[in-house]
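# Survey of secondary and tertiary structure
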Amino acid sequence: MTELSRHTTARIRPTDQEGPSAGPTLRVVHEPDGIDLAAAERAAGQFLNALGIATSSESMRGTPGRMARAYAELFSPRPFDLTTFPNDEGYDELVLARRIPVRSVCEHHLLPFVGTAHVGYLPGGRILGLSKLARVVEHFSCRPQVQERLTKQVADWLQTHLEPKGVGVVIEAEHSCMTLRGVQATGSSTMTSTLLGLLRTDGRSRSEFLALTGATT
């Protein structure tokens with residue numbers, strides 16, 4: 001097994017093909033260093049107590065455990081099979097999945113940021129099952145992140161494993177570290193984009209992608 005990139009512990013391994021038209025299927029699995037829920041629960045209780053929040057009442061007694069399980073869930077993407085199919089018809093126009101939900105956690109404050117991702121590509125020799133675009137977004141979202149890195153990781157991963165003619169990713173999200181604390185900029189959102197291949201170098205393709213995602217409005 002090989003690492004996908006130096007920024008992730010996810011790994012891939014071959015699985016069985018899904019019929020004669022399907023290409024090699026890759027099992028995408030996130031492999032964290034290890035989750036110790038009991039230790040996380042103890043630490044959560046100490047964290048709350050250090051902030052002057054008592055956890056001895058009936059309603060708060062289970063809070064450290066719930067905190068530990070909640071963060072474990074946020075940091076554990078579901079495994080999935082990356083299934084591709086031959087582009088028999090030679091389709092060469094944009095394939096775009098819009099408004100994919102994004103849910104991640106800011107690595108600077110461990111507060112959530114949520115929004116939507118638009119992910120598109122210009123097919124090469126193979127096409128991708130559409131649901132897998134959302135799976136890739138989830139895969140890189142489920143860990144402490146910054147939005148800029150997340151955007152680039154999704155695009156780079158698709159470029160490497162699908163080998164399309166171009167890839168585009170636009171993410172717009174609201175960060176609670178901005179809206180709930182500090183500047184308290186309620187309602188503000190952050191937009192990031194990564195364009196690769198023809199979606200970066202070809203003006204017509206670039207304009208089409210940005211227009212369809214709403215990034216130019």
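Residues numbered from 1 in each chain as written. Predicted model: local features only at pLDDT ≥ 70, side-chain atom pairs only at ≥ 80, totals over all residues. Heavy atoms only, no water.

The name given to the protein chain in an unreviewed UniProt entry is GTP cyclohydrolase 1, with Streptomyces longisporus as the source organism. Looking at the Sequence similarities (unreviewed entry) heading of the UniProt record, one finds this comment for the protein chain: "Belongs to the GTP cyclohydrolase I family." Annotation of the protein chain in UniProt includes, under Pathway (unreviewed entry), the sentence "Cofactor biosynthesis; 7,8-dihydroneopterin triphosphate biosynthesis; 7,8-dihydroneopterin triphosphate from GTP: step 1/1." (UniProt positions renumbered as here; feature names shortened; annotations may be inferred.)

### A closer look at the overall build of the protein chain
Per the secondary structure count, the protein chain includes seven helices and ten strands. For the protein chain, the share of sequence-separated contacts (at least 6 apart) that also reach a separation of at least 24 residues comes to 64%. (Helix = DSSP H or I, 4+ residues; strand = E, 2+ residues; numbered from the N terminus. Contact = heavy atoms within 4.5 Å.)

### Observations concerning the UniProt feature "binding site: Zn(2+)" (unreviewed entry) in the protein chain
When the UniProt feature table is mapped onto this chain, "binding site: Zn(2+)" (unreviewed entry) is found at Cys106, His109 and Cys177. These annotated residues cover 72 residues of sequence, and their C-alpha atoms lie no more than 7.6 Å from one another, placing them together at a single site. On the secondary structure map, Cys106 appears in strand β5 (residues 95-106). Leave out the neighbours within four places in its chain, and Cys106 touches Leu111, Phe113, Gln145 and Cys177. Along the chain, Cys177 falls in helix α5 (residues 176-179). Given the relative accessible area of 11%, Cys177 is considered buried. Setting aside residues no more than four positions away along its own chain, Cys177 makes contact with Cys106, His109 and Leu111. (Buried < 20%, exposed > 50% of the residue type's maximum accessible area, 1.4 Å probe, protein only.)

### Considerations on the pattern of salt bridges
Taken as a whole and assessed by the stated rule, the structure comprises four salt bridges. The residue Arg149 makes a salt bridge to Glu107 at a minimum N-O spacing of 3.0 Å. In this pair, Arg149 sits in helix α4 (residues 147-162) while Glu107 sits in the loop between β5 and β6 (112-122), placing the two residues 42 residues apart along the sequence. Overall, Arg149 belongs to the partly exposed group, its relative accessible area being 26%. According to the relative accessible area criterion, Glu107 is partly exposed, its value standing at 33%. Here Lys152 and Asp156 are joined by a salt bridge, their closest N and O atoms 2.6 Å apart. A residue pair is termed a helical-turn pair when its members lie 3 or 4 positions apart in one helix, as Lys152 and Asp156 do in helix α4 at four residues. (Salt bridge = Lys/Arg side-chain N within 4 Å of Asp/Glu carboxyl O.)

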